[in-house]
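One-letter residues, chain by chain:
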Amino acid sequence: MGVAVETQAVEPVAGHDWSLWMRQIRAILRIEVRKNFWGRRAILIYLLAAIPVFLTFLLSVVDSQGGADIRMVWTSAQTAFAVVIYRSVILQTIVYFGCAWIFMNLFRGEVVDKSLHYYFLCAVRREVLVAGKYISGLVVSVVLFTMTTVGSLFFLYYARGYPANVDYLFDGPGLKQCLTYVGITILACVGYGAVFMVIGLFFRNPIIPALLAYGWEWVNFLLPPLLKKISIIHYLHSLSPIPVSEGPLATVVDPTPAWISVPSMLIFTVVVLILASVRIRRLEIRYGAE
């Protein structure tokens, strides 16, 4: 039989004690990072993050044993990586569902485990709790998915051979392209993380809204130009170091410049986190209803 638990936050003394808030955020960060890296829910994320690396490893092995001659068609190999491995597998699948799992469980997982009230009974502002949990999810997702991106790029370059890689990385655009891929992955974690944390706060069953958002991101290439910009994936694709066509059915729209895409994503994230802070202040825990 479920037990209903209602809590009210124990608010600290009024005022803006930034040093206190930073100490509390660091304390929450240590707890949550350890939980997200070593908790039982982390196993699925590790397996998910390893999929693209394993795929590019298999492709590099096939190539090195006399399959596709990737060293002679380097441009085609880069395009294939950008479209298939990075966009479709890493960005729109692994990072998306990985962030969904990490960030939706920051609060929803605590409710399911009947442990969120411990935080609410502490003398910590709920906005501080949101900040600490979001940063912890960001640390975990950025570490895992940048490793996924770097690992996939490693095996892409591995198939090309050492001498050509050195020239391309340090005397050509290779290093800038790799850093751009990593930057896009980080930005995806920032934006998707904020969205999924809010979904976890607003919905008792967050799977349905997460799948609806996933569908919106996937059909983005079919949407009119104005609607294209009401999505995270448009701004991420606009930053791609290797421009590629979205297909014959896609609505043609110019990529949003980086000086607009990056600030827009950051502003969007701040707005979403403010929404999460408003929601958490009004949240009452009812374990019996779960």
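Computed from a predicted model, the values in this text were never measured in an experiment.

Colleague: Tell me what's going on with the confidence of the model for the protein chain, and back it up with residues and numbers.
Modeller: In the predicted model, the protein chain carries a mean pLDDT of 83, and 87% of its residues have values of at least 70. The secondary-structure element of the protein chain with the lowest mean pLDDT is helix α6 (residues 162–170), recorded at 74, while helix α7 (residues 174–202) shows the highest, at 93. Scored below 50 in pLDDT, residues 1–14 shows 32 contacts in the model against residues more than four places distant or in partner chains. Taken together, the stretch residues 65–72 has pLDDT below 50 and engages in 12 contacts with residues farther than four places along the chain or on a different chain.

Colleague: How would you summarise the nonpolar core if you had to cite specific residues and measurements?
Modeller: If you look at the biggest cluster of nonpolar residues, it comprises 75 residues, and the most contacted ones within it are F103, F107, F145, Y192, F196, M197 and L236. With 20 residues, helix α3 (residues 74–112) is the single largest residue contributor to this core. Every residue in contact with F145, bar those within four places of it in the chain, is listed here: I45, A49, I94, V95, G98, C99, I102, T185 and C189.

Colleague: Any chance you could break down the pattern of salt bridges for me, citing the residues and the numbers?
Modeller: One pass over the structure, following the stated rule, counts six salt bridges. The partner of E32 in a salt bridge is K133, and the shortest N-O contact between them spans 3.1 Å. A residue pair is termed long-range when its members are at least 10 positions apart, and E32 in helix α1 (residues 18–38) and K133 in helix α5 (residues 126–158) qualify at 101 residues. The pair formed by E32 and K133 is uniform in burial state, with each residue classed as buried. The shortest N-O distance in the salt bridge between R125 and E127 comes to 3.7 Å. If you follow the salt bridges from partner to partner, you end up with E32, K35, E110 and K133 in one network.

Colleague: Before we move on, can you summarise the packing of aromatic side chains with the specific residues and values?
Modeller: Within the structure shown, the criterion is met by 13 aromatic pairs. Aromatic side chains Y214 and W218 sit 6.1 Å apart centroid to centroid with 75° between the ring planes, which places their arrangement in the edge-to-face category. With Y214 and W218 both in helix α8 (residues 207–218) and four residues apart, the pair spans about one turn of that helix. Overall, Y214 belongs to the buried group, its relative accessible area being 18%. Members of the aromatic cluster, connected to one another through ring pairs, are Y96, F97, Y192, F196, Y214 and W218. The ring of F120 is capped by R126, whose NZ or CZ atom sits 3.9 Å from the centre of that ring.

Colleague: Residue-level account of the environment of I135, with values.
Modeller: Relative to the assigned elements, I135 resides in helix α5. The class of I135 is partly exposed, set by a relative accessible area of 32%. Residues in contact with I135, not counting those within four places in the same chain, are I25 and L29.

Colleague: Describe α3, listing the residues and the values that go with them.
Modeller: Residues spaced three or four apart along an α-helix point in a common direction, a consequence of the helix completing one turn every 3.6 residues. With 39 residues, α3 extends just 49 Å between its outermost C-alpha atoms, more than 12% less than the 57 Å of an ideal straight helix rising 1.5 Å per residue. In the structure, α3 departs most strongly from a straight axis at N105, where the bend amounts to approximately 60°. Just beyond α3, the residue with positive phi is K114, at close to 60°.

Criteria and cut-off values
Sequence order as written defines residue numbering, which begins from 1 separately in each chain. Restriction of local features to residues with pLDDT of at least 70 applies here, the model being predicted, together with a cutoff of 80 or more for giving and counting side-chain atom pairs; totals for whole chains, interfaces and linings are based on all residues. The side-chain figures draw on all heavy atoms in the structure; neither hydrogens nor water molecules are used. In predicted models, pLDDT denotes the confidence assigned by the predictor to each residue on a 0 to 100 scale. Here a helix means four or more residues in a row that DSSP labels H or I, a strand means two or more in a row labelled E, and each is numbered from the N terminus. The contact rule is simple, with two residues in contact once any of their heavy atoms fall within 4.5 Å. In plain words, nonpolar cores are sets of buried Ala, Val, Leu, Ile, Met, Phe, Trp, Tyr and Cys residues tied together by side-chain atoms within 4.5 Å. A simple rule labels every residue: compare its accessible area, found with a 1.4 Å probe on the protein chains alone, to the largest value its type can have, and call it buried under 20%, exposed over 50%, or partly exposed in between. Whenever Lys or Arg places a side-chain nitrogen within 4 Å of a carboxyl oxygen from Asp or Glu, that contact is recorded as a salt bridge. Centres within 6.5 Å are what make two rings of Phe, Tyr or Trp a pair, Trp counting through its six-membered ring; a difference in plane orientation under 30 degrees is then read as stacked, over 60 as edge-to-face, and the rest as tilted. As a reminder, the over-ring test applies to NZ of lysine and CZ of arginine, requiring each to be within 6 Å of the ring centre and within 35 degrees of the ring normal. The span you would expect from a helix comes to 1.5 Å times its residue count less one. Here the bend at a residue is taken as the angle between two axes, fitted respectively to the seven residues that end there and the seven that start there.

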